[in-house]
Amino acid sequence: MVAQFPQTTTTPAKNLTPQIKVDVKTFTEGIARISEPGTQRNYRMCGIDIVVSNVNKSLAVATFSRVFTYAQSLANNDINPTPNVNANPVEAGANLLQAKPETGITLSIDSTELMSVCALTLSIANLRLDYMDEYFNSTLAYLTNAIANDLNP
């Protein structure tokens, strides 16, 4: 009789190649002004879908920051009719309620393996381009805090 020992299985390390998908669509939309009822001004708006997966947790914040910068450059590229719109101040009297984007955000942190990885899905609709800097900065601050505390919002 041959003695048989239990086999030990090792879980292979995750593939650490991040998967990144960024889709940016820009358009103009007429927004009514509070100060002048019945009048409206066309603003450049955008819709953004970002999917980032399999990112080393320690690199996630820097990766997300680079992805946001890339999405912003796509929204302000030369194809659009008014480049560098973020350089202009927000017009006084604009309807700020219209500038709030419809957003869906999912952040997950998988710490089950030897190396924790993050995944981010961010979907934004109807964001005024002149608010993009502020919006991305506040979103990145939120994600940074969530990652540091292993929260999954």
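Details of the structure are given in the entry above.
As the structure is a computational prediction, the values presented were derived from the model and not from experiment.

### What about the nonpolar core?
Part 1 of the reasoning: Grouped together as the largest cluster of nonpolar side chains are 28 residues, with contacts concentrated most on Ile48, Ile50, Phe64, Phe68, Met132 and Phe136.
Part 2 of the reasoning: At the level of elements, β2 (40-56), α1 (60-75), β3 (102-110), β4 (117-128) and α2 (132-148) are the ones that each hand at least two residues to this core.

### Observations regarding the sheet that holds β3
Part 1 of the reasoning: Strand order in this open sheet of four strands is β1-β2-β4-β3, and the pairing throughout is antiparallel. Two strands close off the open sheet at either side, each with one partner strand: β1 (19-32) and β3. Each adjacent strand pair in this sheet contributes to an overall mean axis angle of 10°, direction not counted.
Part 2 of the reasoning: Of the strand pairs in this sheet, β3 and β4 are connected by nine bridges, and their pairing is antiparallel. Its bridge partner being in β4, aspartate 110 is matched across the sheet by valine 117.
Part 3 of the reasoning: On top of the sheet, α1 reaches β1, β2, β3 and β4; it is set at about 150° to β2, its chief contact.
Part 4 of the reasoning: The sheet contacts of α2 involve β2, β3 and β4, and relative to β3 the element is tilted by about 30°.

### As for the packing of α1 against α2
Part 1 of the reasoning: For the pair α1 and α2, the least separation of the axes is 10 Å and the interaxial angle reads 165°. When the axes of α1 and α2 are compared, the pair comes out roughly antiparallel. The two elements α1 and α2 cross, and the hand of that crossing is right-handed. Residues Ala60, Val61, Phe64, Ser65, Phe68, Ala71, Gln72 and Ala75 of α1 pack against Met132, Asp133, Phe136, Thr139, Leu140, Leu143, Thr144 and Ile147 of α2.

### Concerning α2
Part 1 of the reasoning: Taking 1.5 Å of rise per residue, 17 residues should cover 24 Å, and α2 covers 24 Å from first to last C-alpha, within 8% of that figure.
Part 2 of the reasoning: Within the span of α2, buried status applies to Met132, Tyr135, Phe136, Thr139, Leu140, Leu143, Ala146 and Ile147. Seen end-on, α2 carries its buried residues on one side only, within an arc spanning 125°. Away from its buried face by more than 90 degrees, α2 exposes Glu134, Asn137 and Ala148.
Part 3 of the reasoning: For α2, the secondary structure elements touched by its buried residues are β2, α1, β3 and β4.
Part 4 of the reasoning: One or two residues past the end of α2 sits aspartate 150, with phi positive at roughly 55°.

### Structural notes on the packing of aromatic side chains
Part 1 of the reasoning: Under the criterion given, the structure shown has two aromatic pairs.
Part 2 of the reasoning: With a centroid separation of 4.5 Å and an interplanar angle of 20°, the aromatic rings of phenylalanine 68 and phenylalanine 136 are classed as stacked. Here phenylalanine 68, found in helix α1, pairs with phenylalanine 136, found in helix α2; they are 68 residues apart in sequence, far enough to count as distant. The pair phenylalanine 68 / phenylalanine 136 is uniform in exposure class, with both members buried.

### Some details on α1
Part 1 of the reasoning: Over its 16 residues, α1 runs 22 Å from end to end, which matches the ideal 22 Å to within 8%, given 1.5 Å per residue.
Part 2 of the reasoning: Every buried residue belonging to α1 is among Ala60, Thr63, Phe64, Val67, Phe68, Ala71, Gln72 and Ala75, and all of these are buried.
Part 3 of the reasoning: Of the surrounding secondary structure, the elements contacted by the buried residues of α1 are β1, β2, β3, β4 and α2.

### Quick word on the pattern of salt bridges
Part 1 of the reasoning: With the rule as written, the count across this model stands at two salt bridges.
Part 2 of the reasoning: The salt bridge involving lysine 25 is made with aspartate 23; its shortest N-O contact spans 2.6 Å.
Part 3 of the reasoning: For aspartate 23, a relative accessible area of 26% corresponds to the partly exposed category.
Part 4 of the reasoning: For aspartate 130, the salt bridge identified is with arginine 128, shortest N-O distance 2.7 Å.
Part 5 of the reasoning: Residue arginine 128 is classed as buried on the basis of its relative accessible area of 0%.

The rules behind the values
Residues numbered from 1 in each chain as written. Predicted model: local features only at pLDDT ≥ 70, side-chain atom pairs only at ≥ 80, totals over all residues. Heavy atoms only, no water. Core = buried A, V, L, I, M, F, W, Y, C linked by side-chain atoms within 4.5 Å. Buried < 20%, exposed > 50% of the residue type's maximum accessible area, 1.4 Å probe, protein only. Helix = DSSP H or I, 4+ residues; strand = E, 2+ residues; numbered from the N terminus. Pairing = 2+ DSSP bridges. Axes fitted to C-alpha atoms, helices over the stretch in contact; angles between N-to-C directions. Contact = heavy atoms within 4.5 Å. Parallel < 35°, antiparallel > 145°, perpendicular 65-115°, else oblique. Left-handed = near helix turned anticlockwise from the far one by under 90°. Expected span 1.5 Å × (residues − 1). Arc of directions from axis to C-beta. Phe/Tyr/Trp six-rings, centres within 6.5 Å; stacked < 30°, edge-to-face > 60°. Salt bridge = Lys/Arg side-chain N within 4 Å of Asp/Glu carboxyl O.

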